[in-house]
Amino acid sequence: MMGLNACLDRRLYGNKAFNLAILIREGFMVPPGKVIPSDYIKKTINKSSLEASEEELLKIVPEDPFKTELVVRSSSVQEDTLVHSAAGLYYSSKCNKDNYTREVVKVWKSPHSLSAVNFKKRYSLSLEEDIAVIIMPYILADKGGVLFTKHPSFKNMVLELSNFGSSGVTSGEDKGRPYGLPEDIGNNQLFKKLFEDSEKIEKIFDCPQDIEFLFLKKDIIYLQSRPIIFKKHIMT
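A. Quick look at the confidence of the model for the chain. Within the chain, residue pLDDT values average 88, and 86% of them lie at 70 or more. Ranking the elements of the chain by mean pLDDT puts strand β12 (residues 234-235) last with 38 and strand β2 (residues 34-36) first with 98. Predicted confidence for residues 168-172 stays below pLDDT 50, and this span has 13 contacts to residues more than four positions away or in other chains. Contacts of residues 232-236 to residues separated by more than four positions or lying in other chains number eleven contacts, the stretch itself having pLDDT below 50.

B. Expanded view of the pairing of strand β7 (residues 157-162). Counted residue by residue, β7 has five buried out of six residues, so it is predominantly covered. Summarising the sheet, strand β6 (residues 143-148) and β7 pair through five bridges and their orientation is antiparallel. Residue pairing in the sheet places V146 in a bridge with E160 of β7.

C. Seen up close, the sheet that holds strand β3 (residues 70-75). Strand order in the open sheet made by the five strands is β1-β2-β5-β3-β4, with antiparallel pairing throughout. Of all the strands in the sheet, just β1 (2-3) and β4 (93-95) have a single pairing partner and so form its edges. The sheet contact formed by β1 and β2 spans two bridges and is antiparallel. For M2, the partnering residue across the bridge sits in β2 and is V35. Along the sheet, helix α1 (residues 10-25) contacts β1, β2, β3 and β5 (132-137); its crossing angle with β3, the most-contacted strand, is approximately 120°. Contacting β2, β3, β4 and β5, helix α4 (residues 100-109) crosses the sheet at an angle of about 15° to β3.

D. The arrangement of the packing of α1 against helix α7 (residues 189-205) in detail. Where α1 meets α7, the closest approach of the two axes is 11 Å, and the angle between their N-to-C directions is 120°. Between α1 and α7, the crossing angle belongs to the class labelled oblique. Like other packed secondary-structure pairs, α1 and α7 cross with a definite hand, here right-handed. Contact residues: N19, I22 and L23 in α1; I201, I204 and F205 in α7. Residues that form the contact of α1 with α7 fall into these classes: five nonpolar, one polar and no charged.

E. Representation of the environment of E79. Relative to the elements of secondary structure, E79 occurs in the loop between β3 and β4. Not counting residues within four places of it along the chain, the set of residues in contact with E79 comprises N15, K16, S74, H84, S85, A86 and Y90. Polar contacts involving the side chain of E79 include one to the side chain of K16, which spans 3.3 Å.

F. Structural context of α4. Buried within α4 we find Y100, E103, V104, V105, V107 and W108. Of the surrounding secondary structure, the elements contacted by the buried residues of α4 are β2, α2 (40-45), α3 (54-60), β3, β4 and β5.

G. Structural view of the pattern of salt bridges. Under the criterion given, the structure shown has 16 salt bridges. The residue E79 makes a salt bridge to K16 at a minimum N-O spacing of 3.3 Å. Within this pair, whereas E79 is found in the loop between β3 and β4, its partner K16 is found in helix α1, the two being separated by 63 residues in sequence. Comparing E79 with K16 shows no difference in burial state: the two are buried. A salt bridge links D197 to K193; the nearest nitrogen and oxygen atoms lie 2.9 Å apart. Remark: K193 and D197 occur in helix α7; sequence separation between them is four residues, near one turn of the helix. D197 gets classed as buried once you look at its relative accessible area, which sits at 5%. Given the relative accessible area of 38%, K193 is considered partly exposed. Sharing partners across several salt bridges, the network here consists of K16, E79, D80, D210 and R226.

H. Geometry of the side chain of S198. Mapped onto the secondary structure, S198 falls in helix α7. Once residues lying within four places of it in the same chain are set aside, the contact partners of S198 are L147, T149, M157 and I211.

I. Quick peek at the packing of aromatic side chains. Considering all chains together, one arrives at five aromatic pairs under this definition. Geometrically, the ring pair formed by F119 and Y123 is tilted, given 4.9 Å between the ring centres and 55° between the ring planes. Considering the side-chain rings of F191 and F215, the 6.1 Å spacing of their centres and the 35° angle between planes classify their relative orientation as tilted. Taken together, the positions of F191 in helix α7 and F215 in strand β9 (residues 209-216) put the pair 24 residues apart, joining distant regions of the chain. Through a chain of ring-to-ring contacts, the aromatic side chains of F191, F213 and F215 assemble into a single cluster.

Parameters at a glance
- Residues numbered from 1 in each chain as written.
- Predicted model: local features only at pLDDT ≥ 70, side-chain atom pairs only at ≥ 80, totals over all residues.
- Heavy atoms only, no water.
- pLDDT = per-residue confidence, 0-100.
- Helix = DSSP H or I, 4+ residues; strand = E, 2+ residues; numbered from the N terminus.
- Contact = heavy atoms within 4.5 Å.
- Buried < 20%, exposed > 50% of the residue type's maximum accessible area, 1.4 Å probe, protein only.
- Pairing = 2+ DSSP bridges.
- Axes fitted to C-alpha atoms, helices over the stretch in contact; angles between N-to-C directions.
- Parallel < 35°, antiparallel > 145°, perpendicular 65-115°, else oblique.
- Left-handed = near helix turned anticlockwise from the far one by under 90°.
- Nonpolar A, V, L, I, M, F, W, Y, C, P; charged D, E, K, R; others polar.
- Polar contact = N/O pair within 3.5 Å; in protein donor to acceptor, adjacent residues only side chain to side chain.
- Salt bridge = Lys/Arg side-chain N within 4 Å of Asp/Glu carboxyl O.
- Phe/Tyr/Trp six-rings, centres within 6.5 Å; stacked < 30°, edge-to-face > 60°.

This is the structure we're talking about:
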């Protein structure tokens, strides 16, 4: 496994890991992470994730690097692109030491689910795909959410903040309270820092960004940054 800060090869580590590595190098706070590269299965058993059985994959999952509650996330070169976000298409999950191995296998197998295959056929994407897996400690934050640096209906940034963390917003569990930035900042220093950080992140990636974050006391922890895709005035 590779440390997240060193995942600067998109082909091996996917777009999600690559973008987080850039944020780390630019000085933003990102959870510690390890990444299983996309070529790991092929190098280990000389099969693809499509060809390998679940039993074969279970035997080769690397040891849990953190020994605590975890989040496992997909990182593919075909998601979080300038053309397709593929949001929710691949598997991600919170897990622990008891089910960590099976959850990693679910991430590996998720590019071959019916919904993923149909999506790829629709947009003429590669069907034979092995993806990287990001492994991070689970962080119990004060609040979290998603910030869009551009919105099709508004001039400024839009922030959705939830008591359930960023997953509360992205999963639909909690729609989150919407804020327009910078108008709704007031004297909130965390909001002010988030606004300033998001402007910098948009400049780093040179396009509007969909940013997942957590508030932990006085810190802002970034979980993801990916391009916003505008299609007929709808963000995907």
